[in-house]
Every structure is written in structure tokens, then in C-alpha cells.
Amino acid sequence: MSEPLVARMRGFGTTIFAEMSALAVRTGAINLGQGFPDEDGPAAMLEAAVEAIRGGGNQYPPGPGLPELREAVAAQRLDRYGLAYDPATEVYVTVGATEGIAASVLALAGPGDEVIAFEPTYDSYAATVALAGATLRPVLLRPDGDRFTFDPDELRAAVTPRTRLLLVNSPHNPAGTVFTREELQVIADVCREHDLVAVTDEVYEYLTYDGARHVPLATLEGMRERTLTVSSVGKTFSVTGWKTGWVTGPAAYVRAVQTVKQFLTYATGGPWQRATAYALRHETPWVEELRRSLEAKRDRLVTGLEAAGFKTFRPQGTYFVQADIRPLGFTDGMELARALPERAGVVAIPTQVFYQRPENGAHFVRFAFCKRESVIDEAVERLSRLS
């Protein structure tokens, strides 16, 4: 019997997150691989979800999302960034940000088209572009001091007559970079010059450190009308299992997303939508406390990793630290990540899986710091055995 999987998806197996999380369970290792916090979000938000369940909000919500959530998202974009969106036509609720990105790419790119993304790329990007039948053209983020950035000339050179979309992730997973206004201006100039649509993944928009400020690409001149912005509740409010996200953008592009998304999943859970609307309106002080806590945990993990012999890149945002394994005598991140649970009782993610050419990231592994301080301390104590 022939291979049942369609040809364009044969390069994609089980995600590295599933593999490493299963390895953590099997070995009893501390899981600093997959990015989920080990503490829940604000109690009042959780109670709002319980009340919605008990109040009978358990049937299909409207396909575009509950009006109260779309209104709350529109209010958040206006209050925080000065971006005005019509909640009825320019805000659309999705099953997490991953579906929002997938629906956007599937709606706007197809066979023969090219999609530019900054590499290392979150793993769903390449798979989604492949599903669309399009081609991913990566632009490398390289270390520059304590952060990763791109060469503007390489970005410009990546554009061809077939380029349709530019995928932008800031704050960036897994590099930890928060693009500066100057870097975003380069991206905006390229989009305007070549009439490209930008799809921006901003799920870590609140989680920035050391004074780094998240600037939505849509706020730059000429970009609101050509940008679809994706975000979600999961990272902001520590409820990654709720899988409730949203897309904002010009009405015509949002309609295109809706055309695709409605045949992927008609709607996402009503109780989570109600609780998310409550959180966006009332729980941003809790998020600021979370941000401060994560900044301290980042510093705790960076200090421990460096004491264990790794070279680290202090992230400006997200949940993750990139660590160079070469000072410890290792060169293959995949090999080390698969051995770490047995050698040190810790799970990490090999960064090379986020590259088309794995050798570009073979000497990095990614550690998550969205864990309790005691968990971080135990993990770095175990990792110190490597040296």
C-alpha cells in the first residue's frame, strides 16, 4: 500500500514538543521544553469561565466569536496601541493563535506563492505554508551581541515576484527578540514597496523585559491596511489550554480568514471566550505582575545556565532562553536534547528543528523559564552536572 500522507506534508512528523514532553513523562525529567506555565491565570478569570459553563453558555457561539470578546479585543487594540478596529467586521475569534495564523496563510497564499518568515521559525509556520502549497523563504536571525536580529539586505533579497506574505513574530519565539521600531520600519518598507501582506504573530505582546517595548507592525505608516495581527489569551493570562485567539485587520482580509477558518473549526469554546473578554477588560494589572515575575525567572535561569557552562542570549520577551551548547563541548542540539533527560534529568528543545537547514541552529537549545522558581533551581542544579 502506498504512503497515505499527501506529498507536501511528508517532511513533517510528530512535533518536537510532543516528542520531548513524552520523553519528560517517560523519564521523570523536569520539562523546560514546551512553553506552558505551571501556574494558572487570575482567579477571577477562571471563575468567569466556570460561571459561563454553569450559566448555560455551552452551545455553539457565533462563528466569528462572541460579540463581547470581539468588542474587548477591539478595545484592547485601541487603548494599548491606538489601533481602531470595528469589532463586527475587523475582529475574528480563532481556536488559538496557531489556527489564526494557519487560516490567514491558507486564505492569502497558495500554490506558486512564496511566504517570507524570520528563521528560526515557530514550527507551525513551515507546516502551514506547506499545507497552502506555497513555498517558505526564510530570512535568518543571527546573534548580534545579546540578541538575534536580521540583515535588512537579506530581507530585501528574499523578495521575488512570487512573494505574497511576510510572517512576522515579535516578541519572537524561539529567539526572544523584540523587534525595534527601526527593524519594523525596514519590514514595513519592504511590504509597501512590494505590495505584500503581513501576518504578525504577537502572542507574547505583554511579556517583554528590560524596558523593551512591543510595537505592533500595524501601527507603522501604511501598514494597518495590509496587516493581519494574531494574538491570544494563552500566554498573556497563563491559560495555554484554552486555545482562544483572534485575528484583527482590514475587513476584506478578515473575511478571507473567515472563509477558511469556518471550515477548519466553526467556533471555539463559548465559556473561554466570555472569560477572556472579562480578562482583557479587568485583569491587565495581573498581567503586569506576571511580566515582572517572568523577568525575574528569566534572570534566574540565565544565571543558572551560565554557571552550568552554557552561553546564553538574554531574551527581551517570550518564555524562552536560547543557549549555545558549544562551551560545554557539544555541537549537536538534537543529540544533546535527546540525551539530557537521562544525563541530567531535564528536557529542552533543540533549536535546529526551527530551521530549514538544521545546521544553522545545531548548536542551540531552548529552555523555558515559565516555571516555578523551585523548578528552575532544581533544573539548573541538575544541568550543572554536565560540566
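Under the annotation held in an unreviewed UniProt entry, the protein carries the name N-succinyldiaminopimelate aminotransferase and is attributed to Actinomadura namibiensis. UniProt lists a comment for the protein under the heading Cofactor (unreviewed entry), and it reads "pyridoxal 5'-phosphate". Per UniProt, the protein carries the Sequence similarities (unreviewed entry) text "Belongs to the class-I pyridoxal-phosphate-dependent aminotransferase family."

Chemist: Could you give me a rundown of the overall build of the protein, with the residues and numbers involved?
Modeler: On a plain count of helices and strands, the protein comes out with twelve helices and 15 strands. Against the globule reference of 21 Å for 387 residues, the protein gives a C-alpha radius of gyration of 20 Å, in line with a compact fold. For the protein, the C-alpha atoms occupy an extent of roughly 55 × 55 × 55 Å along the three principal directions. The 387 residues of the protein split such that 57% are buried. In the protein, once contacts between residues fewer than 6 apart in sequence are set aside, the share between residues at least 24 apart is 75%. For the protein, the exposed area adds up to about 15700 Å²; of that, 49% sits on carbon and sulfur atoms.

Chemist: Give me the UniProt feature "domain: Aminotransferase class I/classII large" (unreviewed entry) in the protein: which residues, what numbers.
Modeler: In the numbering adopted here, UniProt assigns the feature "domain: Aminotransferase class I/classII large" (unreviewed entry) to residues 29-383. Annotated as residues 29-383, this span is 39% helix and 18% strand, and its ends, taken at the C-alpha atoms, are 11 Å apart.

Chemist: Can you break down the sheet that holds strand S11 (residues 311-313) residue by residue, with the values?
Modeler: Within the open sheet, the four strands sit side by side as S11-S12-S15-S14. Their pairing is antiparallel. Single-partner strands in this sheet number two, and they are S11 and strand S14 (349-350). Note that S11 and strand S12 (residues 320-324) share three bridges and pair antiparallel. Among the inter-strand pairings, Phe313 is bridged to a residue of S12, identified as Gln322. Sheet strands in contact with helix H10 (residues 284-307) are S11, S12 and strand S15 (364-368), and its direction is about 15° off that of S12.

Chemist: Provide a residue-level description of the pairing of strand S4 (residues 135-140), including the pertinent values.
Modeler: Here six bridges tie strand S3 (residues 114-119) to S4, and the two strands are oriented parallel to one another. Among the inter-strand pairings, Ala117 is bridged to a residue of S4, identified as Pro138. In this view, the connection linking S3 to its parallel neighbour S4 by way of helix H5 (residues 123-131) has right-handed handedness.

Chemist: Got a sec to walk through the pairing of S12? Specific residues and values, please.
Modeler: Counting buried positions along S12 yields five of five residues, so the element is predominantly enclosed. Of the two faces of S12, both are covered, the one formed by Phe320, Gln322 and Asp324 as well as the one formed by Val321 and Ala323. Between S11 and the antiparallel strand that follows it, S12, lie six residues; Thr318 among them carries a positive phi value of about 80°. Relative to S15, S12 runs antiparallel, the two being bridged by five bridges. Note that in S15 the partner of Ala323 across the bridge is Val365.

Chemist: Outline the packing of aromatic side chains, listing residues and values.
Modeler: The geometry of two aromatic rings is summed up by the distance between their centres and the angle between their planes. What the rule picks out here adds up to 16 aromatic pairs. Taking the centre distance of 5.7 Å and the plane angle of 85° together, the rings of Tyr60 and Tyr266 count as edge-to-face. Of this pair, Tyr60 sits in the loop between helix H2 (43-54) and helix H3 (67-81) while Tyr266 sits in the loop between helix H8 (251-261) and helix H9 (270-282), and the two are 206 residues apart along the sequence. Overall, the relative accessible area of 74% leaves Tyr60 in the exposed class. A network of ring pairs unites the aromatic residues Phe17, Tyr122, Tyr125 and Phe354 as a single cluster. Its end group placed over the ring of Phe313, Lys311 keeps NZ or CZ at 4.8 Å from the ring centre.

Chemist: Account for the domain arrangement of the protein, naming residues and giving values.
Modeler: One can read the domain layout of the protein as domain 1 (7-41 + 285-384) and domain 2 (45-282). Here domain 1 and domain 2 have C-alpha centroids that lie 24 Å from each other. Tallying the contact residues gives 37 residues for domain 1 and 43 residues for domain 2. Where domain 1 abuts domain 2, roughly 3400 Å² becomes buried across the two surfaces, and 60% of that area is made up of carbon and sulfur atoms. Considering only the side of domain 1, the residues that lose the most area to domain 2 are Gln316, Thr318 and Phe354, jointly responsible for 21% of the buried surface there. The partner of Asp210 in a salt bridge is Arg298, with the nearest N and O atoms 2.7 Å apart. Counting every contact that joins domain 1 to domain 2 gives 18 residue pairs in polar contact (both at pLDDT 80 or more). Among the elements of the structure, H10, S11, S12 and S15 are those that each provide at least two residues to the side of domain 1 that touches domain 2. The element best represented in the side of domain 1 that touches domain 2 is H10, accounting for eight residues. When its residues are assigned to classes, the side of domain 1 that touches domain 2 shows 18 nonpolar, eleven polar and eight charged.

How each quantity is defined
- Residues numbered from 1 in each chain as written.
- Predicted model: local features only at pLDDT ≥ 70, side-chain atom pairs only at ≥ 80, totals over all residues.
- Heavy atoms only, no water.
- UniProt positions renumbered as here; feature names shortened; annotations may be inferred.
- Helix = DSSP H or I, 4+ residues; strand = E, 2+ residues; numbered from the N terminus.
- Rg over C-alpha atoms; globule rule 2.2 N^0.38 Å.
- Buried < 20%, exposed > 50% of the residue type's maximum accessible area, 1.4 Å probe, protein only.
- Contact = heavy atoms within 4.5 Å.
- Areas by Shrake-Rupley, 256 points an atom, 1.4 Å probe, with all protein chains shown as cover.
- Pairing = 2+ DSSP bridges.
- Axes fitted to C-alpha atoms, helices over the stretch in contact; angles between N-to-C directions.
- Right-handed = clockwise from strand over helix to strand, strands pointing away.
- Phe/Tyr/Trp six-rings, centres within 6.5 Å; stacked < 30°, edge-to-face > 60°.
- Lys NZ or Arg CZ within 6 Å of the ring centre and 35° of its normal.
- Domains from an automatic or database assignment.
- Buried area = accessible area lost by both parts, 1.4 Å probe.
- Salt bridge = Lys/Arg side-chain N within 4 Å of Asp/Glu carboxyl O.
- Polar contact = N/O pair within 3.5 Å; in protein donor to acceptor, adjacent residues only side chain to side chain.
- Nonpolar A, V, L, I, M, F, W, Y, C, P; charged D, E, K, R; others polar.

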